[in-house]
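Survey of secondary and tertiary structure
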Amino acid sequence: MLNLIFDYDGTIHNSMKTYAPAFRNTCKWLYENGYIENCEYTDREISYWLGFNSSDMWEQFQPELSAEIREKARIMLGEDMGKRVENGEGALFENTENVLETLKNTGYNLIFLSNCRISYMERHKRVFGLDRYFSKFYCCEEFDFIPKYEIFRKIRPAHEGNFIVIGDRFHDIETAVKNNLKSIGCGYGYGTPEELSGADIIVDDITQIPETVRNL
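Everything in this summary refers to the structure shown in the same document.

Reading guide: rules and limits
- Residues numbered from 1 in each chain as written.
- Predicted model: local features only at pLDDT ≥ 70, side-chain atom pairs only at ≥ 80, totals over all residues.
- Heavy atoms only, no water.
- Helix = DSSP H or I, 4+ residues; strand = E, 2+ residues; numbered from the N terminus.
- Rg over C-alpha atoms; globule rule 2.2 N^0.38 Å.
- Buried < 20%, exposed > 50% of the residue type's maximum accessible area, 1.4 Å probe, protein only.
- Contact = heavy atoms within 4.5 Å.
- Areas by Shrake-Rupley, 256 points an atom, 1.4 Å probe, with all protein chains shown as cover.
- Lys, Arg positive; Asp, Glu negative; His and termini not counted.
- Charge placed at Lys NZ, Arg CZ, Asp CG, Glu CD.
- Salt bridge = Lys/Arg side-chain N within 4 Å of Asp/Glu carboxyl O.
- Core = buried A, V, L, I, M, F, W, Y, C linked by side-chain atoms within 4.5 Å.

Take the overall build of the protein next. Within the protein, the secondary structure is distributed over nine helices and six strands. Its C-alpha atoms give the protein a radius of gyration of 17 Å, within 12% of the compact-globule value 17 Å for 216 residues. Taking the principal axes of its C-alpha atoms as reference, the protein extends roughly 55 × 35 × 30 Å. Looking at the protein as a whole, 54% of its 216 residues are labelled buried. In the protein, the proportion of contacts linking residues at least 24 apart, taken out of those at least 6 apart, comes to 66%. Summed over all atoms, the accessible surface of the protein reaches about 10300 Å², with 45% contributed by carbon and sulfur. Where the 24 positive side-chain charges of the protein centre and where its 35 negative ones centre are 4 Å apart.

Next up, the structure:
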């Protein structure tokens, strides 16, 4: 059995459609209430934070804020994103559903592994019908926010066979490297070339994944 471990945001989910406006709204609130000096950020600056768990993101993005305000901002951003997804503003990358269906029908076991929270995972599972494709869902909140490469070590015994990690950020490539796994870097996502430099191969479009999996 070949297990394909998929990251979510930036790998199959076009997260910036909901993350960017929610991020800007949250920063606008922080600015208007005197908590931060700047609330203007480019898409590139915003997309950098996709892939981090939300607590780490706010601790690194605005370390000077009190823990209470960071937590309030985290919740605000998450709720804003949630409303947008429920309203139909979110989207998977084009052709994602065909790719996932092809991989599943080929006989691969698809595993969801994301640095998200349980409520986020469950909402997206429901809205996009992800359980049509994935046999198991794991998120960092279930494991007390430990790094992905450590989460993999905890879930590995539950899955027989080999693994390929597929993702767009350093968290994903690190998971593969530290566990001696093959990896596919998603160059169409939000990571930098440097982050993906340790991947076995980099794809520029999600439609390239099935053939790449066959060739690894």
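Next comes the rest of the write-up.
On to the pattern of salt bridges. Any two side chains of opposite charge can pair if their charged atoms end up close together. What the rule picks out here adds up to 13 salt bridges. One salt bridge in this structure joins R24 and D43, with 2.9 Å as the shortest N-O distance. Highlighted residues: R24 in helix α1 (residues 16-32) and D43 in helix α2 (residues 43-47), separated in sequence by 19 residues. Looking at R24, the relative accessible area reads 33%, which means it is partly exposed.

So, about the nonpolar core. For soluble globular proteins, the rule of thumb is that nonpolar side chains tend to be buried together. Among the nonpolar cores identified, the biggest contains 55 residues, and F6, Y19, F23, F134 and I209 are the most heavily contacted of them. With eight residues, the single largest contributor to this core is α1. By size, the runner-up hydrophobic cluster in this structure holds 14 residues, among which are I5, L113, F152 and V165.

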